[in-house]
Amino acid sequence: SYEDPRVQRVLSGGEERIVISYTNLPAPETKRFWRIGVHRLGYADGRFFLNHSSGRVLGPEGEPNKDAVIFNLRDGRAALIQRISLNMQLAVFDSLDELWDPPAGYWDEYMSDLDRHTIIRPAETALGVGAGAPPVATDDGLILLYHERDGNEHYLTKAALLDDETGAVKSLLKEPIMRPELEWERTGDVHNVVFIQGAVLQPDGTIYVTYGAADRCVGATVISTGELLNALRAAA
């Protein structure tokens, strides 16, 4: 099956490309790990379409990997945030084409020093972290909204500020900015889940967020960009 699709706009070669990333779950009988799947999307006649020949499975072979977001750094390079093991890692490529088809040996070298590429680890009492929405660009850096599964297996929303030149973490908030509170966030197919998938900066300076709730509903909320940046600056 396919899970957690994210649609992202990425510049490549001076042109905007639309890509979709998702978790590719092989059939259980194959005993293979989940991996990151990607496709490019096209647009014609008033609708999007899937470029089937562009489909790829990304990341190191034989490693469980998911929760991918793709975005640009300031100089136009393509960056990928992924989750190998319980942590979040960053991979940087010269272009979107190189992300799609990395040079030979890229992932072997990457895995030989995985700690160097790890940008966010779960809190000591938590069970794991993973990217949510693609980062939101601001003058202060890139706001990354991500999820953390706490010791009670509740999915919470946390925030970090990334350097837009390197993708490194400048600051992050120790406390979540959103946790399951409403009835339809606490009760569903998987209880106690808020899982951000989309974040779009609005003209009024707020961030419009969409999220999955208890694996049954889709929710939406608005975040004050100014208040969030103030908190992230204070946490630096």
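Residues numbered from 1 in each chain as written. Predicted model: local features only at pLDDT ≥ 70, side-chain atom pairs only at ≥ 80, totals over all residues. Heavy atoms only, no water.

Colleague: Outline the overall build of the protein chain, supporting the account with residue identities and numerical values.
Modeller: For the protein chain, the count of helices and strands is 5 helices and 16 strands. Taking 2.2 N^0.38 as the reference for a compact globule, 236 residues should give roughly 18 Å; the C-alpha atoms of the protein chain span a radius of gyration of 17 Å, in line with that estimate. Overall size of the protein chain, expressed as C-alpha extent along the three principal axes, is 45 × 45 × 45 Å. Counting the 236 residues in the protein chain, one finds 47% classified as buried. Sequence-distant contacts, at least 24 apart, represent 44% of the contacts inside the protein chain between residues at least 6 apart. Element-wise, carbon and sulfur atoms account for 49% of the exposed surface of the protein chain, whose accessible area totals about 12300 Å². (Helix = DSSP H or I, 4+ residues; strand = E, 2+ residues; numbered from the N terminus. Rg over C-alpha atoms; globule rule 2.2 N^0.38 Å. Buried < 20%, exposed > 50% of the residue type's maximum accessible area, 1.4 Å probe, protein only. Contact = heavy atoms within 4.5 Å. Areas by Shrake-Rupley, 256 points an atom, 1.4 Å probe, with all protein chains shown as cover.)

Colleague: Residue-level account of the environment of phenylalanine 48, with values.
Modeller: By the secondary structure assignment, phenylalanine 48 is in strand 4 (residues 47-58). Distance in space between the C-alpha atoms of phenylalanine 48 and proline 64 is 30 Å, their sequence separation being 16 residues.

Colleague: So what about helix 5 (residues 225-235)? Which residues, and what values?
Modeller: Among the residues making up helix 5, those that are buried are Thr225, Leu228, Leu229 and Leu232. Along the axis of helix 5, the buried positions cluster into a sector of 95 degrees, meaning they face one direction only. Opposite the buried face of helix 5, at more than 90 degrees from it, the exposed residues are Glu227 and Ala234. (Arc of directions from axis to C-beta.)

Colleague: I'd like a description of the sheet that holds strand 3 (residues 35-44), backed by residues and values.
Modeller: Where strands meet in a sheet, backbone hydrogen bonds hold them as pairs that are either parallel or antiparallel. The sheet built from 4 strands is open, its strands ordered 1-2-3-4 with antiparallel pairing. One side of each edge strand has no neighbouring strand; the edge strands of this open sheet are strand 1 (2-12) and strand 4. When strand polarity is set aside, the average angle formed by the axes of neighbouring strands in this sheet is 30 degrees. Alignment of strand 2 (residues 15-24) against strand 3, held across 7 bridges, turns out to be antiparallel. (Pairing = 2+ DSSP bridges. Axes fitted to C-alpha atoms, helices over the stretch in contact; angles between N-to-C directions.)

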